[in-house]
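Summary of structural features
What follows is each chain in one-letter form.
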Amino acid sequence: FISYLQLNELKVLALSNNKMSFKELRYLIYMNLSNLETLWLDDNFFSDESIAILSKCNLKNLKDLSLKKCRIIDKSLELLTYCNFPNLEDLNLSE
């Protein structure tokens, strides 16, 4: 089962265009993604709960986060400020 995978060597994860919601995204919490540098989640169905899930993931080495076409609203933007991504260099929120 994917939620138990230890993916600590993974650097890039592309999950764009998968019609994901927070229900699917929550499995990222259980993966060891501590060395992930790039996460592409473009064109998925995200809500405030989805952003809250991202904030609980161990993504301390994340440099590039793309949420393009995810219809991020103001409250979700505020939640993003609470995410612990100290190395984040690029955040794509374009529509």
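Residues numbered from 1 in each chain as written. Predicted model: local features only at pLDDT ≥ 70, side-chain atom pairs only at ≥ 80, totals over all residues. Heavy atoms only, no water.

Describing the nonpolar core
- Among the nonpolar cores identified, the biggest contains 23 residues, and L25, L39, L41, L54, L59, L65 and L67 are the most heavily contacted of them.
- Those residues within four positions of L41 in sequence are excluded, and the remaining contacts are L15, S16, L25, F46, L54, L65, S66, L67 and C70. (Core = buried A, V, L, I, M, F, W, Y, C linked by side-chain atoms within 4.5 Å. Buried < 20%, exposed > 50% of the residue type's maximum accessible area, 1.4 Å probe, protein only. Contact = heavy atoms within 4.5 Å.)

What about unusual backbone geometry?
- In this structure, N17 takes a positive phi of about 55° despite not being glycine.
- By secondary structure assignment, the location of N17 is in the loop between β1 (12-14) and α1 (22-25).
- For N17, a relative accessible area of 52% puts it in the exposed group. (Helix = DSSP H or I, 4+ residues; strand = E, 2+ residues; numbered from the N terminus.)

Concerning the sheet that holds strand β2 (residues 38-40)
- Strand order in the open sheet made by the four strands is β1-β2-β3-β4, with parallel pairing throughout. Across the chains shown, the open sheet's two edge strands, defined by having one partner strand only, are β1 and β4 (90-92). Direction aside, neighbouring strands of the sheet carry axes that sit 0° apart on average.
- With three bridges connecting them, strand β3 (residues 64-66) and β4 associate as parallel partners. Bridging from a neighbouring strand, S66 pairs with N92 of β4. (Pairing = 2+ DSSP bridges. Axes fitted to C-alpha atoms, helices over the stretch in contact; angles between N-to-C directions.)

Re the confidence of the model for the protein chain
- Residues of the protein chain with pLDDT of at least 70 account for 94%, and the chain-wide mean is 85.
- By mean pLDDT, the top-scoring element of the protein chain is β2 (96), and the lowest-scoring one is helix α3 (residues 74-80) (76). (pLDDT = per-residue confidence, 0-100.)

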